[in-house]
Amino acid sequence: MRFGPLRAVRLGLGRIAYETRIYFRAGDTVFFTFLFPIVLLGIFSVAFDGLGNVGTNPDGSGGISQATYYLPGMIAAGILLSGVQNLGVDIAVERGDGTLKRLAGTPLPVLSYFIGKMGQVLVTSLAQVILLVLLSRFAFGVELPTEPEKWLTFAWVYLLGIFTAAVLGIAISRLPRSGKSASAVIIPPLLVLQFISGVYLSFSLLPEWLQNIASVFPLKWIAQGMRAALLPDSFATAEAGGSWNLAGVAIALGIWLVAGLVICRVTFRWIRKDS
């Protein structure tokens, strides 16, 4: 049975609720992709509060709190975990345990399957961002931006970032040879990427060669875009090149989005050919 595009989209929208329910039933997934950035924001905000504000003037005035400083990085990490790690591991496991093979025997179009997965990522990621912002504002007193252009920047960086991460998650789900090896194959590189992309450490503290490596990957650009949206403009001087370079953020993420779509189109199969 063949479905038209509109029918496939309707089926995909119907799967979003199903995929979201399955997501929240998996305790380990919820912790390591949904709660992990929230927990880290709380730890960093409390642990480093004694160091004082970040970016203070020579006389000790000014600057921003540790919670304010780490919030953009935690949102960027959440985008990476929700999209790349969540979908990369989840689809690899479904391929390994035969779920995708069973779906291949149903009339469900691949497009509907992808809409369900990406819709689940969007829903859970939005919930995560809202919790991060509420926690930072009401638990740690973070002063959020009031300028509309800052929130416009936040919106397009978030949307471009989450769709890029979701597409790349689908693409790398082909790497593990089995569902059992999915976490071991996907999680360690992503953890390293978080440390070199300005999430946990100031990007300017890294050696230039490591900055160059990180600049190849999308997480560095998502974190930079989030800092542009949530931090004072005076912090732009700490970025590579001394500016937020939002045009570079858009170009880099756009390239990764297109590359991910091409890889998904060429490589996705319900089952591995070598299985």
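As the structure is a prediction and not an experimental result, all values here were calculated from the model. (Residues numbered from 1 in each chain as written. Predicted model: local features only at pLDDT ≥ 70, side-chain atom pairs only at ≥ 80, totals over all residues. Heavy atoms only, no water.)

**Observations concerning the layout of surface pockets**
And step 1. In this structure, the largest pocket occupies an estimated 560 Å³ of space.
And step 2. Contributing to the lining of the largest pocket are 23 residues, with Asp 28, Thr 29, Thr 33, Val 89 and Ser 183 lying nearest its centre.
And step 3. Among the elements of the structure, helix H1 (5-25), helix H2 (27-47), helix H3 (66-96) and helix H7 (182-196) are those that each provide at least two residues to the lining of the largest pocket.
And step 4. A total of seven residues in the lining of the largest pocket trace back to one element, the largest contributor, which is H3.
And step 5. Each residue belonging to the lining of the largest pocket can be placed in one class, and the counts come to 10 nonpolar, eight polar and five charged.
And step 6. Each pocket or cavity is described by its volume, and for the second largest pocket that value is around 440 Å³.
And step 7. Forming the boundary of the second largest pocket are 23 residues, of which Val 84, Ile 172, Leu 190, Leu 193 and Phe 217 lie nearest the centre. (1 Å grid on protein atoms, 1.4 Å probe; cavity = no way out; pocket = protein on both sides within 12 Å on 5 of 7 lines; lining within 4 Å. Points joined across faces, edges and corners; volume = space filled by probe spheres on them. Helix = DSSP H or I, 4+ residues; strand = E, 2+ residues; numbered from the N terminus. Nonpolar A, V, L, I, M, F, W, Y, C, P; charged D, E, K, R; others polar.)

**Section: H7**
And step 1. The terminal C-alpha atoms of H7 lie 22 Å apart, and with 15 residues this matches the ideal 21 Å at 1.5 Å per residue to within 8%.
And step 2. On its buried face, H7 sits against H3, helix H6 (148-172), helix H8 (208-214) and helix H9 (218-230).
And step 3. Residue Gly 198 follows H7 closely and has a positive phi angle near 80°. (Expected span 1.5 Å × (residues − 1). Contact = heavy atoms within 4.5 Å.)

**Regarding the packing of aromatic side chains**
And step 1. All chains considered together, the criterion is met by 16 aromatic pairs.
And step 2. Judged by centre distance (5.5 Å) and plane angle (75°), the ring pair of Phe 24 and Phe 34 falls under edge-to-face. Placement of Phe 24 in helix H1 and of Phe 34 in helix H2 is noted, with a sequence separation of 10 residues between them.
And step 3. Through successive ring pairs, a cluster of aromatic residues spans Phe 44, Phe 48, Tyr 69, Tyr 70, Phe 195 and Tyr 200.
And step 4. The positively charged end of Arg 137 is found above the aromatic ring belonging to Phe 138, 5.9 Å away from the centroid.
And step 5. In this arrangement the basic side chain of Lys 220 is found over the ring face of Trp 221, its NZ or CZ atom lying 3.6 Å from the centre. (Phe/Tyr/Trp six-rings, centres within 6.5 Å; stacked < 30°, edge-to-face > 60°. Lys NZ or Arg CZ within 6 Å of the ring centre and 35° of its normal.)

**As for empty space enclosed by the protein**
And step 1. The tally for this structure, following the rule as stated, stands at one cavity of 30 Å³ or more.
And step 2. By volume, the largest cavity amounts to about 30 Å³.
And step 3. The wall of the largest cavity is formed by Thr 68, Leu 71, Pro 72, Val 142, Glu 143, Leu 144, Pro 145 and Leu 230.
And step 4. No other element matches the three residues that H3 contributes to the lining of the largest cavity.
And step 5. The residue makeup of the lining of the largest cavity, split by class, is six nonpolar, one polar and one charged.

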